[in-house]
Amino acid sequence: MYLNCKTYYSLRYGTYSTEELVLEAADKLVTTLALTNINSTIDSWEFVKLCQQNGIKPVLGTEIRNKGTLLYILIAANNNGLRWIHRFLSEHLMNKKPFPLAGDTPLFFDNQNDGFVIYPLRGKPLEQLERNEYVGILPTELNMLYSIDWKPYKDRFVIRQPVTFQNQKKYFNLHRLLRAIDENAILTKLTIESQASPDEIFLAPSELLEKFKDYPGFVTNTYKLMDACDIKMEFYTDKTKKVFGGTPEDDRKLLEKLALDGFSRRYGMQNKVALERLHKELKIINDLGFNAYFLINWDMVMFAKNRGSYYVGRGSGANSIVAYCLYITEVCPVELNLFFERFLNPHRKSPPDFDIDFSWRDRDEIMDYLFKRHGSDYVALLGSISTFKYDAATHELGKVFGLSEEEIKAVQKSPDFNDPIHKLVIQYSRLLHGFPNIMSLHPCGVLISDKAISHYATRFMPPKGFPTVQMDMFTAEDVGLNKFDVLSQRGLGHIKDCLAWILLNKGVRVDIFDIQRFKKDEQIKKQIREANTIGCFYIESPAMRGLLKKLRCDDYLTLVAASSIIRPGVAESGMMREYIERYHNTAAIKYLHPLFEEHLGETFGVMVYQEDVIKIGYYFAGLDLGEADILRRAMSGKYRSDNEFQMIKEKFMSNCEKLGHSTELAQEVWRQMQSFAGYSFNKAHSASFAVESYQSLFLKTYYPKEFMVSVINNFGGFYTTELYFLELLKCGGEIHPPCINNSEYYTSIDDNTIYLGLIHIKSLQKKLAEAILDNRDNHGSFLHLQEFIERINPGLEQLNILIQIGAFGFTGKSKKRLLWEANFLQKRITTTHHHALFEEKPVEFELPQLIDLRIDDLYDQMEILGFPLTNPFELADEDPASFIDARDLEHYKGQKVTVLAYFITRKHVTTKRKDQMFFGTFVDHNLDWIDTVHFPDSAKKFPLHSSGFYKISGKVVEDFGVFSIEVSYMEQTGYKQRSYANL
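Small disclaimer: the values here were computed from a predicted structure and weren't measured.

About the thresholds
Every chain begins its residue count from 1, and numbering advances along the sequence as written. A pLDDT threshold of at least 70 governs which residues receive local features in this predicted model, and a stricter bar of 80 or more applies before side-chain atom pairs are shown or counted, although totals over entire chains, interfaces and linings include all residues. Side-chain metrics in this entry use all non-hydrogen atoms of the structure; hydrogen atoms and water are not considered. A helix here means a DSSP run of H or I that spans at least four residues, while a strand means a run of E at least two residues long, and both kinds are numbered starting from the N terminus. Categorising residues by exposure relies on relative accessible area from a 1.4 Å probe, with only protein chains included: less than 20% of the type maximum marks a residue as buried, more than 50% marks it as exposed, and the intermediate range marks it as partly exposed. Any pair of nitrogen or oxygen atoms within 3.5 Å is treated as a polar contact; in protein, a donor-acceptor pairing is required on top of that, and neighbouring residues in sequence qualify only through side-chain atoms on both sides. Contacts between residues were defined by any pair of non-hydrogen atoms, one from each residue, lying within 4.5 Å. A side-chain nitrogen of Lys or Arg and a carboxyl oxygen of Asp or Glu constitute a salt bridge if their distance falls within 4 Å. Here the expected length of a helix is defined as 1.5 Å per residue gap, with one fewer gap than residues. A pair of strands is treated as paired once DSSP finds two or more bridges between them. Axis geometry follows a simple rule: fit a line to the C-alpha atoms, using only the stretch in contact for helices, then measure angles between N-to-C directions, giving values from 0 to 180 degrees. Values of pLDDT, the confidence the predictor places in each residue, fall between 0 and 100. This arc corresponds to the set of directions leading from the helix axis out to the C-beta atoms. Aromatic pairing here means that ring centres of Phe, Tyr or Trp (its six-membered ring) are within 6.5 Å. Orientation follows from the plane angle: under 30 degrees is stacked, over 60 is edge-to-face, and everything else is tilted. Think of it as a cone above the ring: NZ of Lys or CZ of Arg counts as a charge over the ring if it is within 6 Å of the ring centre and within 35 degrees of the ring normal.

J.: Account for the side chain of T240, naming residues and giving values.
T.: Its location among the elements puts T240 in the loop between α6 (216-227) and α7 (248-267). A relative accessible area of 4% means that T240 is categorised as buried. Only 2.8 Å separates the side chain of T240 from the backbone nitrogen of N482, close enough to count as a polar contact. Apart from the residues within four sequence positions on either side, T240 is in contact with I448, S449, D450, G480, L481, N482 and F484.

J.: Give me the lowdown on the pattern of salt bridges, citing residues and values where you can.
T.: Considering all chains together, one arrives at 61 salt bridges under this definition. Ionic pairing is found between E727 and K730, a salt bridge with its closest N-O pair at 3.3 Å. On the criterion of helical spacing, the pair formed by E727 and K730 is a turn pair, its members being three residues apart in helix α30 (residues 721-730). Using a relative accessible area of 6% as the deciding quantity, one classes E727 as buried. Note on K730: relative accessible area 41%, which makes it partly exposed. Among the ionic contacts, a cluster of salt bridges with common partners joins R12, R179, D182 and E183.

J.: Quick one: what's the story with helix α8 (residues 272-287), residue by residue and with numbers?
T.: Given a rise of 1.5 Å per residue, 16 residues ought to cover 22 Å, and the 23 Å separating the end C-alpha atoms of α8 matches this to within 8%. For α8, the set of buried residues is A274, L275, R277, L278, E281, L282, I284 and I285. Turning to α8, the residues buried within the fold contact α7, α9 (291-306) and α10 (321-325). Of the residues trailing α8, G289 is marked for its positive phi of about 80°.

J.: For the sheet that holds strand β7 (residues 157-159), give the residues involved together with the corresponding values.
T.: Sheets are built from strands that pair by backbone hydrogen bonding, the pairs being arranged parallel or antiparallel. Ordered by their spatial adjacency, seven strands build an open sheet running β1-β2-β3-β4-β5-β6-β7, and the pairing between neighbours is mixed. Of all the strands in the sheet, the pair left with one neighbour each is β1 (2-5) and β7. Here the strands of the sheet are splayed against their neighbours by 30° on average, with no regard to which way each runs. Of the strand pairs in this sheet, strand β6 (residues 133-137) and β7 are connected by three bridges, and their pairing is parallel. Of the residues in β7, the one forming a bridge with I137 is I159. Packing against the sheet, helix α2 (residues 44-53) makes contact with β2 (32-38) and β3 (57-66), and its axis sits at approximately 150° to β3.

J.: Account for the sheet that holds strand β22 (residues 962-973), with residues named and values stated.
T.: The strand order around the closed barrel formed by five strands is β18-β19-β20-β22-β21, and the pairing between neighbours is mixed. Sheet twist, expressed as the mean angle between neighbouring strand axes with direction ignored, is 50°. With two bridges connecting them, strand β20 (residues 929-934) and β22 associate as parallel partners. When the bridges of β22 are listed, V933 appears paired with E966.

J.: Before we move on, can you summarise the confidence of the model for the protein chain with the specific residues and values?
T.: In the predicted model, the protein chain carries a mean pLDDT of 92, and 97% of its residues have values of at least 70. This stretch, residues 831-835, has a pLDDT under 50; its non-local contacts, to residues over four places away or in other chains, come to 11 contacts.

J.: Go over helix α27 (residues 663-677) with me, naming the residues and quoting the values.
T.: For α27, built from 15 residues, the straight-helix expectation of 21 Å at 1.5 Å per residue is met to within 8% by its first-to-last C-alpha distance of 21 Å. Within α27 the residues assigned to the buried category are L665, A666, V669, W670, Q672, M673, F676 and A677. One side of α27 carries all its buried residues, which in axial view fall inside an arc of 165°. Where α27 is buried, its residues contact α22 (575-584), α23 (594-600), α24 (610-620), α25 (625-635) and α26 (644-658).

J.: Explain the packing of aromatic side chains to me, and be specific about the residues and the numbers.
T.: All told, the structure shown has 64 aromatic pairs when counted by the stated rule. Between Y2 and F202 the ring centres are 4.8 Å apart and the planes differ by 50°, which places this aromatic pair in the tilted class. Note that Y2 is positioned in strand β1 and F202 in the loop between α4 (170-183) and α5 (205-211), a separation of 200 residues in sequence. Looking at Y2, the relative accessible area reads 2%, which means it is buried. Using a relative accessible area of 5% as the deciding quantity, one classes F202 as buried. When the centroid spacing of 6.2 Å and the interplanar angle of 75° are considered together, the rings of W150 and F157 count as edge-to-face. The same class applies to W150 and to F157, which are both buried. In textbook terms, an aromatic cluster arises when at least three aromatic residues are bridged by ring pairs, as seen for Y72, W84, F88, F99, F108, F109 and Y119. When the ring centre of Y134 is taken as reference, the NZ or CZ atom of R156 above it lies at 4.5 Å. The positively charged end of R266 is found above the aromatic ring belonging to Y324, 3.9 Å away from the centroid.

Pasting the structure below:
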């Protein structure tokens, strides 16, 4: 009888979770239940699984609405009908077109036996109903039958008792609040039509039968309809595309050929150890049915490579020598002693995982290729469900209750519980917390299925512009749809753009994949030791640069380790400190057992990597590598909710006893593994990051200006754009402000000459910038201001911005003079503008001498760009010569000093006592780094305003050769006063 049930995946409408709905049905002894969310099938798989667990027959469908208007309910009789519903929803959601009204569509379902259509009363004339179409009648509508000639059509009526919320009080109110949020309306303005009736609650079967006691035929019709439905869903079976080529055997042969070809190039054919591993991996891949998975990833990266797109294959996939030979990754697992079982083994329940990064500018093209290569019906992006967080819920509910933004902020910060509105906002915010809000997009997941996506889910079209499933990653895992992770990052954009600049300016083609040469390069080693890594992927942050200096890092293995121990949580655990101390004092290391020294010597006995847990399980406890990977997963918390964790612990202890290890030693090893495992990191992942770091380091070392321009143009990195321009200054770049004749939209470089891109002019309209460049390309450079106005007609405000930033410096006239001329010419020239057939002589003006001062130019740059195109200390009101330089701090260890510093960035930290402190990063007038530590008392007394110059006093401290200042006093200092002469 329950043909019209909703959960909170009827977004901003229903209030049941899927589990709550099923459990209430079970509590009421309901044996058959239909899920019909509004224009959605988001939780259909979860619903079926929960019904199966609770002895309920699941029925699936959807409630079709155009905005707030109910049109009809679609019920799938079988899996064919469900696929039809998925296709029907997808067609309208992806094309953003309204659903057809009753009578405006051909027959629903490909076959009338595949599903049913239920209209609301008077939704469609009774005489026009098809044999699979019914009228759903509400208990409150029974009295309306007296005005309808319904008896000839008595077999077409079924019971419709919508289930939308748990009760007519709290949850009905929550439903109304959700509707108001969706309508962006104050609650008092919410219309009756926009909300459900208060009686849309879960009535017990006996109550429902009592209401329809005079219409037993309607009850029979309803039971018959539900009995005719039979949905079958198979969970946890691989539904990802299983065949890349013709047959599975063809895939096996192709993968083997490609792997051996790559092996020959990577290793030669004489490396028997590596070759043996290759064949072992190929067998496991084939036995577990993942040949197509490898080939799809190989095909994707080969497409990228052929298009000149750069990528990084990372994640546990880099543990595979097959992936290395296919050029999916650039990490040699033999060199790093990486276990393939960390990636794929017969014991592993979860699917293998390649994370492949592309440039942020290239990823959409890669995704488009996947859709075209494998068929648009078989490919979709993975969805994600955005939920209400507490603050967001409070903000939305505050608006619904009519509170101002100031009042909402006050409620979020410290609600007045004596105020009835505040109490309601907080009460319902807590209730709403965690509810689904909107269907969104997973950051990187792509599904490529064995059958059409419509077998499994509905698709919609987010702003990204690619079909996306109404399914999140957790459901996809339950279903057996293994995602391909196609990610994007800006670091690869740096590399791609830099290589193009090098070729253009230097005529040099760089082999950016010559990683082995980069690892041995002495200049690159020097850069790492000195932490000269600004702009380089993953190793440019203040914390990372400090760690590189403390480790005196200049080799690949140490860089890989640094990429792991820098991660959040590691420092707090003490593991990073322990590693650094052992690194500098290897003689004092006491290993628990000789096997620890043999297999963890590379990391000085510290379990830096997840692979280290596998090593101990394998070498110390005698587990096989598959079991050791289960141990690794158990240690990281993956199995602690079931008995698998206890089982693997018992086997670990039993094996240790058989191998002659004492109980005390085995327990201590287990304890240490547990303490480290929560913070350990995938070594292959770190190695992949380190490879990209080396690529960036090579470019920064030998082509620093081209590299930094590329970093600037990709707007990616740890720091603000200003710092990267300071780096350009440090490496000798001649930086010019934007110029209408020389600038492009992005910053450009020709030898040492760099012209700022028009994109950096904050208030310049993009449309105008594009018009300038297009006109210049078609008609040549601009001769003077008057011609520019005639050709472009920019408007006075935009023209003034261009003049103030120096975009007409080529005229030789001062900016003040140009501003006077612009004001006159803009009024004089008509709004029609075109490129003149003959050159016209510009209007001459007689004006007094108007001079631009350097300080005024710098202030204009700060106002229009956000930063000056020079050493910022030109603007400092204090004399830098009166202060200690950063390069001299090592001579003042333990002493109090005062420095003049320019703010770059800071990092906030909450202490164990919940106090706030922070670490600051500054530069001095030589553009050398100054690092500061602001303990809670200092942080509270001397606030950091995140910009400008500071006089900082404090004690110089040293930690493994890295010097910083523990701040005891700090004050912000001013800028030089600008000139207002000739204005």
